[in-house]
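# Survey of secondary and tertiary structure
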Amino acid sequence: MASPSSTQDAQSRFGPLIFAVPKGRILDEALPVMERAGLVPESAFYDKLDRSLSFSTTDDAAHIIRVRAFDVATFVAFGAAQAGIVGSDVIEEFDYPELYAPVDLGIGACRLSVAEPRQPVEYKYGNPSHLRVATKYPALTSRFFEERGIQAECVKLNGAMELAPSSGLAGRIVDLVSTGQTLRSNGLVETEVIMQVSARLIVNRAALKTDRRVADLVDRFRAVAENRKAA
């Protein structure tokens, strides 16, 4: 762990260390991991009614920002945050060269899958070599189908993905699946798994090279992840 004097030097040179976390499903699992790594948010962070996006921590040198999962990758890649937590699905979708994901935290497990209606439906769009797919992962989806010689027209949706087939918007969807209950409730079946997903610690490559606090953060999160595996 970095010494107090080196931390103070880094803070005076770089300002506070900004750590980005995602709203939604991963956050509840991420908080205990963060706390064990010494990154404890102020009490307001836990208030469900608080709409703030930036929070202090028990470490005066570190601040937390709470943003959408896809935005975590963007904030870290462009240096607005030095580190953060996000799913491997987001990392693969954006493929930012500035991002480095050194630690698999072993939380937020799910999968990115293709799903389609349980019962055949007539569609205005789609044939064996050209499909229309609803997804918020157009890059991953396109690559997946291209590898199979299929042209996929991706319709970008940010929610209500399961409605796309029944409304005639698209014949298939690509989305995150955990238990599969939401698919079943909407008459869909999972047909192929594109990738297994888990939450990762990500850091900005330039910050890792220049700011000792980032390397120290990686060491702390790696220790927590290794202890979880050993438990």
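Residues numbered from 1 in each chain as written. Predicted model: local features only at pLDDT ≥ 70, side-chain atom pairs only at ≥ 80, totals over all residues. Heavy atoms only, no water.

### Points about the sheet that holds strand E11 (residues 199–204)
Heads up, the condition is: Strand pairing is defined by DSSP finding a minimum of two bridges between the two strands. A run of DSSP states H or I qualifies as a helix once it reaches four residues; a run of E qualifies as a strand once it reaches two. Both are numbered from the N-terminal end. For helices, the fitted line uses only the C-alpha atoms of the stretch in contact; every axis is such a line through C-alpha atoms, and the angle between N-to-C directions lies from 0 to 180 degrees.
Sheet architecture is open: six strands sit in the order E2-E3-E1-E4-E11-E5, paired in mixed fashion. Every other strand in the sheet has two partners, leaving strand E2 (54–56) and strand E5 (99–104) as the edge strands with one partner each. Taking the axes of each pair of neighbouring strands and ignoring which way they run, one obtains an average angle of 30° across the sheet. Strand direction decides the pairing type here: E2 and strand E3 (residues 62–67), joined by three bridges, are antiparallel. Across the sheet, residue Ser 54 finds its bridge partner in E3, namely Ile 65.

### Thoughts on the pattern of salt bridges
As a reminder, the rule being used: Counted as salt bridges are all cases of a side-chain nitrogen of Lys or Arg within 4 Å of a carboxyl oxygen of Asp or Glu. Exposure is judged per residue with a 1.4 Å probe applied to protein chains only, and the accessible area is read against the type maximum: over 50% gives exposed, under 20% gives buried, and values in between give partly exposed.
As enumerated under the stated definition, the model contains nine salt bridges in all. Taking the shortest distance from any N to any O, the salt bridge between Asp 211 and Arg 213 comes out at 2.7 Å. Residue Asp 211 shares its accessibility class with Arg 213, and that shared class is buried. Notably, a salt bridge pairs Arg 220 with Asp 216, separated by 2.9 Å at the nearest N-O pair. Taken together, the residues span about one helical turn, with Arg 220 and Asp 216 both in helix H9 (residues 212–230) at a distance of four residues. Each member of the pair, Arg 220 together with Asp 216, is buried. It is possible to trace a salt-bridge network through shared partners that takes in Glu 147, Arg 148 and Glu 192.

### What about unusual backbone geometry?
Within the chain, Asp 95 stands out as a residue other than glycine whose phi angle is a positive 50°. Taking relative accessible area as the criterion, Asp 95 reaches 56% and is therefore assigned exposed. The phi dihedral of Ala 160 is positive, around 55°, even though this residue is not glycine. Tracing the sequence through the fold places Ala 160 in the loop between strand E8 (151–156) and helix H6 (163–167).

### A word on the pairing of strand E9 (residues 172–177)
Pairing of strand E6 (residues 110–117) with E9, which is carried by five bridges, proceeds in the antiparallel orientation. Across the sheet, Arg 111 pairs through a bridge with Val 177, a residue of E9. Here strand E7 (residues 130–135) runs beside E9; their pairing, made up of three bridges, is parallel. Across the sheet, the residue bridging to Ala 134 is Ile 173, located in E9.

### Section: the packing of helix H2 (residues 25–36) against H9
Here is the rule we go by: Crossing handedness: left-handed means the near helix sits turned counterclockwise from the far one by under a right angle, and right-handed means the same turn made clockwise. We call two residues in contact whenever any of their non-hydrogen atoms come within 4.5 Å of each other. Residues are grouped as follows: Ala, Val, Leu, Ile, Met, Phe, Trp, Tyr, Cys and Pro are nonpolar; Asp, Glu, Lys and Arg are charged; all remaining types, including Gly, are polar.
Two numbers describe how H2 lies on H9: the axes approach to 9 Å, and their chain directions differ by 115°. For H2 against H9, the interelement crossing comes out right-handed. Only Phe 221, Val 224 and Arg 228 of H9 make contact with H2, whose side of the interface consists of Val 33, Met 34 and Arg 36. Grouping the amino acids of the contact of H2 with H9 by side-chain chemistry returns four nonpolar, no polar and two charged.

Treat this as a map of the structure, not an account of what it does.
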